[in-house]
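Report on the structure
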Amino acid sequence: MRAVLMQDSKLRVADVPEPVPGSGEVLVDVLACGICGTDLHCAAHAPEFNAATRGAAGIELMDLGRPVVFGHEFVGRVAAYGPDTQQRIPVGARVVSMPILLREQQVMLGFAGPDAPGAYSERMVLSEPLLIEVPDHVATDVAALTEPLAVAYRTVVRAEADAHAVPLVVGCGPIGLAVIAVLRMKGIGPIVAADFSAERRELARRLGADVVVDPKQSSPYEALYAAAATSDPATMAPPNAVLGQLPIRPTVAFECVGVPGLIQQMIAGVPPGSRIVVAGINMGSDTIEPGQCILKELDIRFSLYYSPEQFAQTFTHLAAGDFDVAPLLTGTVGLDGVADAFDRLSTNPHDAKIIVDPTR
């Protein structure tokens, strides 16, 4: 079968052996797969990514001595069952799944080699217990948004924002836009969003942002203060021990870019008592000023991935129509167009989510 291989930061399409489902596994034909910012980071900064996972967990995510087959935001069609399977979902049905193979040594799909390919390929194998059937009324490309929406769902959960909180989303790429969609679904707002791209600011509006800011023209943090202003003591954020009571609601800020210096910019800009949730992946080192964090009593949390329950909850909301996420979809390419799509997403801020369709 054909697959997109990444090695030495380069992408190429090649023929690879057909994957064979093992015990408890299912062979699926890939119908759609989103290109994720993590894929872009891994292609451009693979050694740094491995260094981060080695430092955090003592393992390297990717074996860079051989090609990697990306693709972890996918929809497949059940083609065949391997041994020791219950076969509860009919052959021919569409499915989504967490990108994990439940083997003795767990495999993170989308970061392994051609022997366990991700969804930048014509076929892949999945673990049967993780499959969720896609109902007929859900479009395939929309179902492919389950995984990035689950990332955003966990990010919002990590914020622990209540109904009085006012959020700021910095960066309106796919994850920032998905965070906006989840905030809107949960009724948290007004939502302030900031991005340099006019196209992405318009997408933020369509997905539910109430206030949209071009950082070249005005301060996102001033917009957050204005949106959070209140004269109602019952909705005000708790007073700061040094700075006292401010006439604003609780505030939470989401870092959805992943560039050096942005966390510190947010530390300096957000109101006292804010919670900052970092979802953007910066593979380099960074510097913050802890004194400002202490004086303002800020919380900084980092978010990655999701639990199986959060993945399933996200898909339930998606299938129920609770998210209006179709505006996220800004393009489709075949396997031969993946390299160009990577270039577009890395250099052109106009696109949001580009879907890979291996059948094209």
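Residues numbered from 1 in each chain as written. Predicted model: local features only at pLDDT ≥ 70, side-chain atom pairs only at ≥ 80, totals over all residues. Heavy atoms only, no water.

Once that is clear, we can look at the pattern of salt bridges. Oppositely charged side chains may form a pair once their charged atoms are brought near each other. If you walk through the whole model with that rule in mind, you get 16 salt bridges. With a shortest N-O distance of 3.8 Å, R123 and E122 are connected by a salt bridge. A residue is classified by how much of its surface remains accessible, and R123, at 19% relative accessible area, is buried. R201 serves as the salt-bridge partner of D214, at 3.7 Å between the closest nitrogen and oxygen. Note that D214 is positioned in the loop between β12 (211-213) and α7 (220-228) and R201 in helix α6 (residues 198-207), a separation of 13 residues in sequence. Since its relative accessible area comes to 14%, R201 is described here as buried. Where salt bridges share partners, they join E18, D29, E122 and R123 into one cluster. (Salt bridge = Lys/Arg side-chain N within 4 Å of Asp/Glu carboxyl O. Buried < 20%, exposed > 50% of the residue type's maximum accessible area, 1.4 Å probe, protein only. Helix = DSSP H or I, 4+ residues; strand = E, 2+ residues; numbered from the N terminus.)

Mapped onto the elements of the fold, G269 is located in helix α8 (residues 262-269). When the C-alpha atoms of G269 and Y221 are compared, they prove to be 5.4 Å apart, with 48 residues separating the residues in sequence. Not counting the four nearest positions on each side in its chain, G269 is found in contact with Y221, Y225 and K296. (Contact = heavy atoms within 4.5 Å.)

By secondary structure assignment, the location of R200 is in helix α6. The class for R200 is buried, based on a relative accessible area of 12%. Apart from the residues lying within four places of it in its own chain, the contact partners of R200 are C172, G173, L177, D195, P349, D351 and A352.

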